Amino acid sequence: MEYEKYEVIGEEKLSDIAKKYNISPEKIKEANPNARFFKTFFGTSEIVECLQTLKIPVERKIEKKQGITHSESENFNFITSQREKEEKLKEYTSVEFNLGKFEEKHFVSNHLTEIHVNGGKMATYTQFQKFILQLLETGSRFKYKLDVSENNFEDGFNLKEQFDGLLEKIVHLKDKLELYLNKFGKLEDVANKEVLRKKWEELKTELKENPKLKEIPQDKFKEMLQKGDYEFSNSYPLAKDLQKSVFHSHLFYPLYNQKFYIGIPNQLGSNWMMSTLFSELEIPLTSILNISEDEENNEYIIKIESQLNKSTLSRIDIKNAYEKHYPFLKEQFLKYNVSIDCFYAINKEDFQINYAEIEIEELVNSNLEAYQKLEIERVEQEEPKQENDE
């Protein structure tokens, strides 16, 4: 048996490394008895700690697979010459996602968020939405209309039912949005801020006149209205705020006007996500994208695996945020990790989502974890109900 060295720069799933070499995770563990591994909070994945060198048992047998062969070390991570890469890419089919205007498309989504602390569930949030997307403008950037017709959520604390449904009324203010995306498809700005501000002013008048809200201490009520005035003002960075939402940040996959290759790993540029556990922090990521084709359903299948980019992460910022937000946790901050798995089935005709599934795990030590899962599916337009003539 021969071995290849595998450098673990950021924490990775053991199963993902095993897949790359077409061997079992157990064989990797047997070949590396002194390597450091840990399991996620849910126990669903085993993680290899960063900054280690693993020995990977390989057979010197040329076995062709879709894309490149591991036995010939043709993984693009090992190709150092730019000319080598360019020559190698000529062997593969490329695809570029471009958009044209389209009529309304109908979708449904389901979203789950769970926060676990010390082995117990601290919070659960669920949301079901029916919505319509329409691409209004193309060019140097895209303009989308997002119209949510049904928005049902549960926060786990029954907050939406308190104070005459105050929270639910505020959430529904953003059911209709016009969004600007940059040429790559990343959310950049909100076009209908003025409309949202007027809706807020109308709701604010209603809230002031609602006798059921008199039980809220006046200083807290005034503070809430001031916060609303800011969040619905033209100066508020609403687009960045929406990017904290797993729904808004993954509804548009930011892969437009870029060339990707079918059958080989595509390294994505630097990107980030907003932390669920630490609301003020942007978490840097490294991402690998793989594309295949589903001819039967006329779809491109996109899989994106993202890990924490520890080379640009500020460990001090994470430690300070941990101590600020969770002072009741006695365990000292030791380690932090993030993993994201994205699956998109993209329609070949209009380059819009037919189906998407996003899973995000954020873990601090072994006692604090946030788990999110989002599913989006395109559906047929519902026929309007016809009333029976009497």
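Here, the structure is the one placed above.
Keep in mind the model is a prediction, meaning the values are calculated, not measured.

Moving on: the overall build of the chain. Helix and strand counts for the chain stand at 9 helices and 19 strands. Pairs at least 24 apart in sequence give 63% of the contacts found in the chain among residues at least 6 apart. As displayed, the chain offers around 21700 Å² of accessible surface, 47% of which is attributable to carbon and sulfur atoms.

Under the criterion given, the structure shown has 19 salt bridges. For Glu293, the salt bridge goes to Lys348, with nearest N and O atoms at 2.6 Å. With Glu293 in strand β15 (residues 282–294) and Lys348 in the loop between β17 (336–347) and β18 (353–364), the pair connects residues that are 55 residues apart, well separated along the chain. Residue classification places Glu293 among the partly exposed positions, given a relative accessible area of 36%. Taking the relative accessible area as the measure of exposure, Lys348 reaches 18% and is therefore buried. A salt bridge links Glu295 to Lys348, with the shortest nitrogen-to-oxygen separation between them at 3.6 Å. A residue pair is termed long-range when its members are at least 10 positions apart, and Glu295 in the loop between β15 and β16 (299–308) and Lys348 in the loop between β17 and β18 qualify at 53 residues. Counted as one network, the salt bridges with shared partners bring together Lys105, Asp350 and Arg378.

What follows deals with the nonpolar core. One broad trend across soluble globular proteins is that nonpolar side chains are buried collectively. By size, the foremost hydrophobic cluster in this structure holds 79 residues, and its most contacted members are Phe97, Tyr253, Phe278, Ile302, Tyr336 and Tyr344. Here the element with the most residues in this core is β17; it accounts for 6 residues. Filtering out sequence-adjacent residues up to four positions away, Tyr253 remains in contact with Phe97, Phe184, Ile302, Tyr344, Ile346, Phe351 and Ile353.

Our focus in this paragraph is the side chain of Glu362. When you line up the elements, Glu362 lands in strand β18. For Glu362, which is buried and forms no salt bridge, the nearest opposite charge comes from Lys310, at a distance of 13 Å. A polar atom in the side chain of Glu362 sits 2.4 Å from the side chain of Ser275. Looking at Glu362, its side chain comes within polar contact range of the main-chain nitrogen of Thr276, at 3.0 Å. Here Glu362 is in contact with Met273, Ser275, Thr276, Leu277, Phe278, Tyr336, Asn337, Val338, Leu368, Glu369 and Ala370, once residues within four sequence places are set aside.

So, how was this worked out
Residues numbered from 1 in each chain as written. Predicted model: local features only at pLDDT ≥ 70, side-chain atom pairs only at ≥ 80, totals over all residues. Heavy atoms only, no water. Helix = DSSP H or I, 4+ residues; strand = E, 2+ residues; numbered from the N terminus. Contact = heavy atoms within 4.5 Å. Areas by Shrake-Rupley, 256 points an atom, 1.4 Å probe, with all protein chains shown as cover. Salt bridge = Lys/Arg side-chain N within 4 Å of Asp/Glu carboxyl O. Buried < 20%, exposed > 50% of the residue type's maximum accessible area, 1.4 Å probe, protein only. Core = buried A, V, L, I, M, F, W, Y, C linked by side-chain atoms within 4.5 Å. Lys, Arg positive; Asp, Glu negative; His and termini not counted. Polar contact = N/O pair within 3.5 Å; in protein donor to acceptor, adjacent residues only side chain to side chain.

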